[in-house]
Amino acid sequence: MEILMSQFFGALYGFLAIVLGAFGAHALKKHFTQEQLASFETGVKYQMYHALLLLVLSFNLGFNTALEGYIITCLILGTFLFSFSIYGLCLSGALGRKWKFLGPVTPLGGLLLATGWLLLAYIFIKDFMF
């Protein structure tokens, strides 16, 4: 199940990163400040990085342990919370009605992403530690 989730979300996030990146670079460029455009691009970059990571992991992890499932869950949820909260903040700010409730969501997503990476590092070094 984790393999399919990882592959599905990897492909979906990759597709959306391309679409949203193009949308931001062309359609939103006229409506965003430079700061909003830079933030939006950060969201797109992180989304693409983690889309690729999800795909790589889906073909390289055995998904034999709960820990591997936790990694995938952290990356899927973290990407959604991090990148899509940035998109929401930028779009709502450009419309003059900034959704401030999304402000704390971005670091929560970043924390989940960092946790996913840390758990992945643990998988790589656990055999040497114990």
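Just so it is clear, the structure is predicted and the values come from calculations on it, not from any experiment.

A. Structural detail: helix α3 (residues 66-94). With 29 residues, α3 extends 42 Å between its outermost C-alpha atoms, agreeing within 8% with the 42 Å of an ideal straight helix rising 1.5 Å per residue. Positive backbone phi, approximately 85°, marks Gly96, located one or two places after α3.

B. Here's a closer look at the nonpolar core. By size, the foremost hydrophobic cluster in this structure holds 25 residues, and its most contacted members are Phe40, Leu57 and Leu75. If you list the elements that add at least two residues to this core, you get α1 (2-26), α2 (34-60), α3 and α4 (105-129). Ranked by residues supplied to this core, first place goes to α3 with eight residues. If we skip the residues at most four places from it in the chain, Leu57 touches Phe63, Ile71, Ile72, Leu75 and Leu120.

C. Molecular detail of the packing of aromatic side chains. This model, assessed by the stated rule, comprises ten aromatic pairs. A ring pair is formed by Phe40 and Tyr87, whose centres lie 4.8 Å apart and whose planes are at 45°; its orientation type is tilted. Within this pair, whereas Phe40 is found in helix α2, its partner Tyr87 is found in helix α3, the two being separated by 47 residues in sequence. What makes Phe40 buried here is its relative accessible area of 3%. By relative accessible area, which is 4% here, Tyr87 ends up buried.

D. Local environment of the side chain of Ser58. With respect to the helices, strands and loops of the structure, Ser58 is situated in helix α2. Its relative accessible area of 4% is what places Ser58 among the buried residues. Leaving out residues up to four positions away in the same chain, Ser58 has contacts with Ile3, Ser6, Gln7 and Phe63.

Cut-offs used in this document
Residues numbered from 1 in each chain as written. Predicted model: local features only at pLDDT ≥ 70, side-chain atom pairs only at ≥ 80, totals over all residues. Heavy atoms only, no water. Helix = DSSP H or I, 4+ residues; strand = E, 2+ residues; numbered from the N terminus. Expected span 1.5 Å × (residues − 1). Core = buried A, V, L, I, M, F, W, Y, C linked by side-chain atoms within 4.5 Å. Buried < 20%, exposed > 50% of the residue type's maximum accessible area, 1.4 Å probe, protein only. Contact = heavy atoms within 4.5 Å. Phe/Tyr/Trp six-rings, centres within 6.5 Å; stacked < 30°, edge-to-face > 60°.

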